[in-house]
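Coordinate inspection notes
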Amino acid sequence: MRNALVLIDHDQSSAADFNWTPASVPPSYLQERGPTDPFFINVAQQLGLAALPDDWARALAIGSHLLGSSPVLRGEAIKLDLRGTYRSIVGSGEGYCGDFADVFIAIALAAGMPVRSWAFSFDGFGGDGHIWPEIWNRQLGRWQLVDIFNNYQFFESVGVPLSALELRQALLSNSTQLKLAPLYPGARVGWSIEEKAWRYYRSGLPEWYMWWGNNVFTYDRALLVRTFSGVSRSLEQLGAIAQGVFPPVKLMVTEVNRDQASALWRLRFHLFVVACVCVLAFVAFLLSLCFWFCARRRPSYQS
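About the criteria used
- Residues numbered from 1 in each chain as written.
- Predicted model: local features only at pLDDT ≥ 70, side-chain atom pairs only at ≥ 80, totals over all residues.
- Heavy atoms only, no water.
- Helix = DSSP H or I, 4+ residues; strand = E, 2+ residues; numbered from the N terminus.
- Buried < 20%, exposed > 50% of the residue type's maximum accessible area, 1.4 Å probe, protein only.
- Contact = heavy atoms within 4.5 Å.
- Areas by Shrake-Rupley, 256 points an atom, 1.4 Å probe, with all protein chains shown as cover.
- Lys, Arg positive; Asp, Glu negative; His and termini not counted.
- Charge placed at Lys NZ, Arg CZ, Asp CG, Glu CD.
- Core = buried A, V, L, I, M, F, W, Y, C linked by side-chain atoms within 4.5 Å.
- Phe/Tyr/Trp six-rings, centres within 6.5 Å; stacked < 30°, edge-to-face > 60°.
- Axes fitted to C-alpha atoms, helices over the stretch in contact; angles between N-to-C directions.
- Parallel < 35°, antiparallel > 145°, perpendicular 65-115°, else oblique.
- Pairing = 2+ DSSP bridges.
- Salt bridge = Lys/Arg side-chain N within 4 Å of Asp/Glu carboxyl O.
- Nonpolar A, V, L, I, M, F, W, Y, C, P; charged D, E, K, R; others polar.
- Polar contact = N/O pair within 3.5 Å; in protein donor to acceptor, adjacent residues only side chain to side chain.
- Patch = residues over 30% accessible without salt bridge, like charges linked within 9 Å, V, L, I, M, F, W, Y side chains within 5 Å.

The next thing to look at is the overall build of the chain. Scanning the chain from terminus to terminus reveals 11 helices and 8 strands. Each of the three principal axes of the chain carries a C-alpha extent, and together these read 100 × 45 × 35 Å. Each of the 303 residues in the chain was classed as buried or not, and the buried ones make up 47%. A fraction of 66% describes how many contacts in the chain between residues 6 or more apart in sequence connect residues 24 or more apart. Accessible surface, the chain as shown: approximately 15300 Å² in total, 58% of it carbon and sulfur. Across the chain, the 26 positively charged side chains and the 25 negatively charged ones have centroids separated by 7 Å.

Take a look at the structure:
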């Protein structure tokens, strides 16, 4: 239901529409334009990111920090703000893919690196799936995918990490040159048996989409987000949607997944109808209550 509420561009069907660069960010994309949290500026400084030779080296340094700070990675969801999520990851190894992606994006933005996030699902573009960030390597002028939670990078030529779209095409074509390697060799990888990793990624191919925004700091500062953070993740996200800071979802629609995409759009329509009915019912209730109260206060006259 959350993804249905934030859907955009029903007619989206071309992978080329996702192939924009930081020099040509689509106007509808919620790009982070607010102030960077000083906490994450300090993290970037402590990691010495500015002194590293290129953005891929910076991505590896961030990955090593998040994956290697705790001896145990628990993979449990964190229901805290951005700072609390970072502390839980590096302090106790908690966090699932969305938590790792948000914190990775926060540190990357603090280091001045353009970054965005992709996702795929197994349940009709719903919440059962995976999210992974992609950096724009300013030195090479290309996107490069980072599976920060599963500790993987992907390549066909050694030393040239693939972008998300390149990886997707390689998986679709069953490229024999496709390889993966740990981002940080000192931490666990998602699967001890490599074929299980490939099976997982291939099973997600029919339902790729992009989170249409990287505004992690603006989201974190939003009033309704802070009000419900730590209370309920669902209420927090509904508050973010109501305040307009929750990133939209842009589907990569193909002939394979067109039915699932259409079903999600129908769900979106039904949710808005139900919301309108609820609002009208609430207004009617308030009016009835007001009329009842006025009737009780009206003086009665006896003959």
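And the narrative resumes.
Grouped together as the largest cluster of nonpolar side chains are 58 residues, with contacts concentrated most on Phe-40, Leu-66, Tyr-86, Phe-104, Ile-107 and Leu-251. By residue number, the principal contributor to this core is helix α5 (residues 97-110), which donates 11 residues. Dropping the residues within four chain positions of it, Ile-107 is found in contact with Phe-40, Val-43, Ala-44, Leu-47, Leu-49, Ile-62, Leu-66 and Tyr-86.

For the rest of this paragraph, the subject is the packing of aromatic side chains. In total, this model carries 34 aromatic pairs according to the counting rule given. Taken together, a centroid distance of 6.2 Å and an interplanar angle of 65° make the contact between Phe-125 and Tyr-209 edge-to-face. Taken together, the residues Phe-125 in the loop between β2 (115-121) and β3 (129-137) and Tyr-209 in strand β7 (residues 208-211) connect sequence positions 84 residues apart. Tyr-209 carries the same exposure label as Phe-125, and that label is buried.

Further remarks concern the packing of helix α2 (residues 38-46) against α5. It is the contact of α2 with α5, at a shortest axis distance of 8 Å, that shows an interaxial angle of 75°. Considering the angle they form, α2 stands roughly perpendicular to α5. Packed against α2, whose contacting residues are Phe-40, Ile-41, Val-43 and Ala-44, the element α5 presents Val-103, Ala-106, Ile-107 and Ala-110 at the interface.

One open sheet accounts for 6 strands, arranged β1-β8-β7-β2-β3-β4; its pairing is mixed. Either end of the sheet is taken by a strand with one partner, and the two such strands are β1 (7-8) and β4 (142-145). As judged from the 3 bridges shared by β7 and strand β8 (residues 249-251), these two strands associate in the antiparallel manner. Opposite Tyr-209, over in β8, you have Leu-251 as the bridge partner.

Two side chains of opposite charge can pair, provided their charged atoms sit close to one another. Inspection of the entire model under this criterion finds 7 salt bridges. The closest approach of N and O atoms between Asp-37 and Arg-83, which form a salt bridge, is 2.7 Å. Of this pair, Asp-37 sits in the loop between β1 and α2 while Arg-83 sits in helix α4 (residues 82-92), and the two are 46 residues apart along the sequence. Assessed through its relative accessible area of 10%, Asp-37 is described here as buried.

Looking now at the packing of α2 against α4. Relative to each other, α2 and α4 sit at 35°, their axes nearing to 10 Å. Side by side, α2 and α4 meet where Pro-38, Phe-39, Phe-40 and Val-43 of the first sit next to Leu-82, Arg-83, Tyr-86 and Arg-87 of the second. A per-class count over the contact of α2 with α4 returns 6 nonpolar, no polar and 2 charged.

Okay, the pairing of β4 next. By the bridge criterion, 4 bridges tie β3 to β4 in an arrangement that is antiparallel. Residue pairing for β4: Trp-136 is matched across the bridge by Trp-143. What sits between β3 and β4 in their antiparallel hairpin is a turn of 4 residues, with Gly-141 showing a positive phi close to 65°.

We now examine the side chain of Asp-55. Its location among the elements puts Asp-55 in helix α3 (residues 55-68). Since its relative accessible area comes to 0%, Asp-55 is described here as buried. Reaching out from Asp-55, the side chain makes a polar contact with the side chain of Arg-138 at a distance of 2.7 Å. Apart from residues lying up to four places away in sequence, Asp-55 is in contact with Met-113, Ile-135, Trp-136, Asn-137, Arg-138 and Gln-139.

To continue, consider the environment of Gln-260. Structurally, Gln-260 can be placed in helix α11 (residues 258-297). Measuring from C-alpha to C-alpha, the distance between Gln-260 and Val-231 comes to 32 Å, with 29 residues separating the pair along the chain.

Moving on, we come to a nonpolar patch on the surface. A cluster of nonpolar side chains, contributed by Phe-285, Leu-286, Leu-289, Trp-292 and Phe-293, occupies part of the molecular surface with about 530 Å² of accessible area. Structurally, Trp-292 is set in helix α11. By relative accessible area, which is 48% here, Trp-292 ends up partly exposed.

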